[in-house]
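Remarks on the overall topology
One letter stands for each residue in the lines below.
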Amino acid sequence: MVSIIVTHKKDVLYLRDCVESIAAQTFQDYETILITDHTEDDLSDIIAEFRDKIHLKVYALEGKSGVSAARNLGIEKSEGEYLYFLDNDDYLYGESIQLLLDVMEEDSDMAYGMMRHTWFQRQAFGESQKEEKEEEENEFLLQFDFADPVQYRYERYRKLDKITVLGALYKKSLFNDYNIRFNEKQTYYSDPLVVTAVLKYAKNIKSNENALYVKRHHNDKQNNPAICQFPKEDTMPDYFVAYKNSLKMAGDNKALKNHLNVILAKFIVKEYIKKIRWSDDARWKNEYYKELVHLVQDINKKALRKNGFTHAEKQMIFAFLQNDFAKMQKKSLRVLALRKLKKMFQDKRVRYKTLTLYGFSKLKLREDYIIFESFMGRNCSGQPKYIYQYLQEHYGKKYKYIWVVDRKGVIIPGKHKTCRRFGLRYYYYMNRSKYWVNNMRQPLSVPRRKETIMLATWHGTPLKRLVFDMDDVHSANPKYKDIVYRQTREWNYLLSDNPFSTEKFQSCFLFDREKILEYGYPANDPLYAKDKELRAEKTKEKLGIPKDKKVILYAPTWRDDNFYEAGQYGFDLDLDVDRLQKQFGEEYILLLRLHYFIVDQLDLSKYGNFTVDGSSYDDITDLYLISDILITDYSSVFFDFANLKRPILYFTYDLEKYRDVLRGFYLDMEKDLPGPLLLTNDEVVDAIQNIDRVQEQYSEKYEQFYRRFCCIDDGHAAQRVCEKVFQ
């Protein structure tokens, strides 16, 4: 029998994934022991639903708190022959526990499997994620031969804060015979002592690399941090306790002690030297320094020589041995300088950033410089384009204008300069310009000077949940929320197109209302211009679309889970273009506009003149003006298009997955949208055939939608913005 010990402090959504993964196990000879640690969550529904499914027993932690005390209580209450620890925010993949049982023998004390790291909920964790390579910092389980349990004993010590009891099956008698328990005085780093004891006393260790434990990272450390995401400054006291207790537990085992020595040395040369260089917390130079001086006295110098430390790093550690802080600090600066030089030779961007730090950032700020960037330098479009045009027309030579462009052939009217994103001129102008105007998030590699004004224009009214309004992040960057939080702290202003956006921007960006300019979107000004018909004719001519043809604009968004890397997403064309061509080829042209994150190139050659690829066209506002019908899914384009009061169709073939797994919506798709939700190509064809009927059917709802979301746009948004920001 296996006792699966789960501890719970908070977050029911995580816990549900955890217990569902237990329920998915086919073997039945187990019990689930849930220890609640003074939780404020209502677990009654989960307990009622899973009590019989997972043989659930629930105990409340009383008089104590913390994961160590909770696990110890779980061990005490367990009745199984084996123990398996499972954090409430993690889950099992497949038959993980049975696979470990399969390799256990009568004299086996432990069997371990593989660990995968994800920020996906269980429903979205599929084969593609299972096969992904782990993050580099968590690869310690892949560095050794699974068939060599002796090597396992020591390689698991590569990082103290990565030593874990998770992902392994233990014989309970091992814990009882040697009185192995978690240190209840520790809040952090509770596992190393237990793992040290297990690896010291276990007589026979087995492995099965097919047994997979999924370690789920928290992607919102602002509101829901995992225990490993608390500031290092606050967790260091427990770090020292864990190290000293583990060292004591290792006893005369030289191999274990040497590995612990190496861990400490790596912490010093990797982490500590950064803290004394850049942290304002005095503890690093005082009490934490004294602790490290005490601990390094037992370091085996031979172990350092065998583990790849550079000469400069070893000299720094030897300065610790001499308790010479000034010498140690001097040596640490040398280590950092050598690393920086190495990176500068290897990476041009690092060279530019270094030049910026010590050069450009010291130059005087130019009050008359404005730097514009739209969609990461892809083009001249969106809110920045129309703010720029208004400034050109009404402020003229008062300012010097710089555009960030990464593509050749981008047409930018008026007198201006350009620079390539992350080129040397880019860092120069970013550091000298008084004003930044950007419709995306600015890179963290260019810190904003205190006097610089950052105008974040954004690029749409949100339908799908953003950043801190999302339960989970399924995109390519697991640190998405943390990155956005740091970026948005640098915004002086944020544009909003309507009261709805103003409300959502406050919650999704954790942004102050006073900094939000509810002025409408400058990019929508042309939709109210007197010459919009003439502009539409010119756009059709530029794209080679006959004047007598109507235009269907298909503008889908990207899918968070279909990515190659951060900022690069794939796309599967589910719209039946062949059928649309047969049905409507005489009357319409299909204009495709993919999201700028989508890097897949669609081959439209077989459709002849029926399709036009507008993905690389600079300005989507022009495409709105020539379109008679918009087909989209969950893209925010329909909020802007609605200013024209033309028909909108929603091809939402994956609605359930997008709503329930990937993102979720701010609006009720069925009730609030000004057009029908179409789940199949049959429905798309029928809607286009009867577009007048659809428009009449949704006329009242469309009017309500227009009053709610297009209530500020009037053709003068750019004027309002410029008069506020560029006084």
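It should be emphasised that the depicted structure is a prediction, and the values quoted were computed from it without experimental measurement.

So, how was this worked out
Residues numbered from 1 in each chain as written. Predicted model: local features only at pLDDT ≥ 70, side-chain atom pairs only at ≥ 80, totals over all residues. Heavy atoms only, no water. Helix = DSSP H or I, 4+ residues; strand = E, 2+ residues; numbered from the N terminus. Buried < 20%, exposed > 50% of the residue type's maximum accessible area, 1.4 Å probe, protein only. Contact = heavy atoms within 4.5 Å. Areas by Shrake-Rupley, 256 points an atom, 1.4 Å probe, with all protein chains shown as cover. Phe/Tyr/Trp six-rings, centres within 6.5 Å; stacked < 30°, edge-to-face > 60°. Lys NZ or Arg CZ within 6 Å of the ring centre and 35° of its normal. Pairing = 2+ DSSP bridges. Right-handed = clockwise from strand over helix to strand, strands pointing away. 1 Å grid on protein atoms, 1.4 Å probe; cavity = no way out; pocket = protein on both sides within 12 Å on 5 of 7 lines; lining within 4 Å. Points joined across faces, edges and corners; volume = space filled by probe spheres on them. Nonpolar A, V, L, I, M, F, W, Y, C, P; charged D, E, K, R; others polar. Polar contact = N/O pair within 3.5 Å; in protein donor to acceptor, adjacent residues only side chain to side chain. Axes fitted to C-alpha atoms, helices over the stretch in contact; angles between N-to-C directions. Salt bridge = Lys/Arg side-chain N within 4 Å of Asp/Glu carboxyl O. Parallel < 35°, antiparallel > 145°, perpendicular 65-115°, else oblique.

Let's shift gears to the overall build of the chain. Each helix and strand in the chain was counted, giving 29 helices and 23 strands. A total of 727 residues make up the chain; the buried ones form 55% of that total. Sequence-distant contacts, at least 24 apart, represent 73% of the contacts inside the chain between residues at least 6 apart. Surface accessibility of the chain: about 32,600 Å² in total, with carbon and sulfur atoms responsible for 46%.

So, about the packing of aromatic side chains. Overall, the coordinates contain 51 aromatic pairs when judged by the stated rule. With a centroid separation of 5.4 Å and 40° between ring planes, the pair formed by Tyr289 and Phe320 is classed as tilted. Of this pair, Tyr289 sits in helix α11 (residues 287–296) while Phe320 sits in helix α13 (residues 311–321), and the two are 31 residues apart along the sequence. Ring geometry for Tyr426 and Tyr427: centres 5.5 Å apart, planes at 85°, overall edge-to-face. Across this residue pair, the class does not change: Tyr426 and Tyr427 are buried. The structure contains a cluster of three or more aromatic residues connected by ring pairs, namely Tyr189, Tyr239, Phe240, Phe267, Tyr272, Trp284, Tyr288, Tyr289, Phe320 and Phe325. The aromatic ring of Tyr435 is capped on one face by Lys434, whose charged end is 5.9 Å from the ring centroid.

Further remarks concern helix α19 (residues 499–508). Turning to α19, its buried residues number three or more, namely Phe500, Ser501, Thr502, Lys504, Phe505 and Cys508. Buried residues along α19 sit in contact with β14 (493–496), β15 (516–518) and α28 (699–709). Of the residues flanking the end of α19, it is Leu510, one or two places downstream, whose phi is positive at about 50°.

Once that is clear, we can look at helix α17 (residues 424–432). Listing the buried residues of α17 in full gives Tyr426, Tyr427, Tyr429, Met430, Asn431 and Arg432. In this fold, the buried residues of α17 make contact with α15 (348–358), β9 (366–373), β10 (400–404), β11 (417–419) and β12 (433–438).

Take the pairing of β9 next. Note on strand geometry: in a regular strand, side chains alternate between the two faces of the sheet. β9 sits mainly inside the fold: 6 of its 8 residues count as buried. Examined bridge by bridge, β9 and β12 share 5 bridges and lie parallel to one another. Paired with Arg366 across the bridge in β12 is Ser433. With 5 bridges connecting them, β9 and β10 associate as parallel partners. Its bridge partner being in β10, Glu373 is matched across the sheet by Val404. Following the backbone out of β9, through helix α16 (residues 382–394) and into the adjacent parallel β10, one traces a crossover that is right-handed.

Of note in the backbone geometry, His55 takes a positive phi value of approximately 55° without being a glycine. By relative accessible area, which is 28% here, His55 ends up partly exposed. The phi torsion at Tyr189 lies on the positive side, around 55°, for a residue other than glycine. Along the polypeptide, Tyr189 turns up in the loop between α7 (172–177) and α8 (191–201).

Turning to the layout of surface pockets, a few remarks are in order. Approximately 940 Å³ is the volume attributed to the second largest pocket. Around the second largest pocket sit 34 residues that line it, and Lys385, Tyr386, Gln389, Arg535 and Asp619 are the ones nearest its centre. When residues of the lining of the second largest pocket are assigned to their parent elements, the largest contribution, 6 residues, is made by α16. Among the residues making up the lining of the second largest pocket, the classes are represented as 12 nonpolar, 8 polar and 14 charged.

For the rest of this paragraph, the subject is the environment of Tyr706. Structurally, Tyr706 is set in helix α28. Taking the C-alpha atoms as reference, Tyr706 lies 7.9 Å from Lys645; in sequence the two are 61 residues apart. Those residues in contact with Tyr706 that sit more than four places away from it in its chain are Tyr528, Ala642, Asn643, Lys645 and Cys711. Polar contacts involving the side chain of Tyr706 include one to the side chain of Tyr528, which spans 3.0 Å.

Strand order in this open sheet of 7 strands is β11-β10-β9-β12-β13-β14-β15, and the pairing throughout is parallel. The outermost strands of the open sheet, each flanked by one partner alone, are β11 and β15. Strand after strand, the sheet turns through a mean of 25° between neighbouring axes, direction not considered.

For the coordinates displayed, the defined rule picks out 32 salt bridges. One salt bridge connects Lys57 with Glu31, and the closest N-O pair in it is separated by 2.7 Å. With a gap of 26 residues between them, Lys57 in strand β3 (residues 56–60) and Glu31 in strand β2 (residues 30–36) connect regions that are remote in the sequence. By relative accessible area, which is 26% here, Lys57 ends up partly exposed. For the salt bridge of Glu490 with Arg448, the shortest nitrogen-to-oxygen distance reads 3.3 Å. Of the two residues, Glu490 sits in the loop between α18 (480–488) and β14 while Arg448 sits in the loop between β12 and β13 (453–456), which places them 42 residues apart along the sequence. Residue classification places Glu490 among the partly exposed residues on the basis of a relative accessible area of 25%.

Across all of its chains, the model carries 3 cavities of 30 Å³ or more by this definition. Of the pockets and cavities examined, the largest cavity occupies roughly 60 Å³. Residue lining of the largest cavity: Ile371, Phe372, Glu373, Val404, Met430, Trp436, Val437, Asn438, Gln442 and Met454, and that is the complete set. Elements that contribute at least two residues to the lining of the largest cavity include exactly β9 and β12. Grouping the constituent residues of the lining of the largest cavity by class yields 7 nonpolar, 2 polar and 1 charged. A volume near 40 Å³ is recorded for the second largest cavity. Around the second largest cavity, the lining residues are Pro647, Ile648, Pro674, Gly675, Val694, Gln695, Tyr698 and Tyr702.

Moving on: the packing of helix α10 (residues 254–278) against α13. Close contact between α10 and α13 brings their axes to 10 Å; oriented N to C, the two are set at 100°. Taken together, the axis directions place α10 and α13 in an arrangement best described as roughly perpendicular. Of α13, the residues touching α10 (which contributes Ala265, Ile268, Val269, Tyr272 and Ile273) are Glu313, Met316, Ile317 and Phe320. Looking at the contact of α10 with α13 residue by residue, the classes come out as 8 nonpolar, no polar and 1 charged.

Our next topic: the pairing of strand β1 (residues 2–8). When you tally the buried positions in β1, you get 7 out of 7 residues, the bulk of the element. Neither face of β1 is open: one carries Val2, Ile4, Val6 and His8, the other Ser3, Ile5 and Thr7, and all of them are buried. Two strands pair when backbone bridges link them, and β1 and strand β4 (residues 82–87) are joined in this way by 6 bridges, in the parallel orientation. Bridge pairing links Ser3 to Leu83 in β4.

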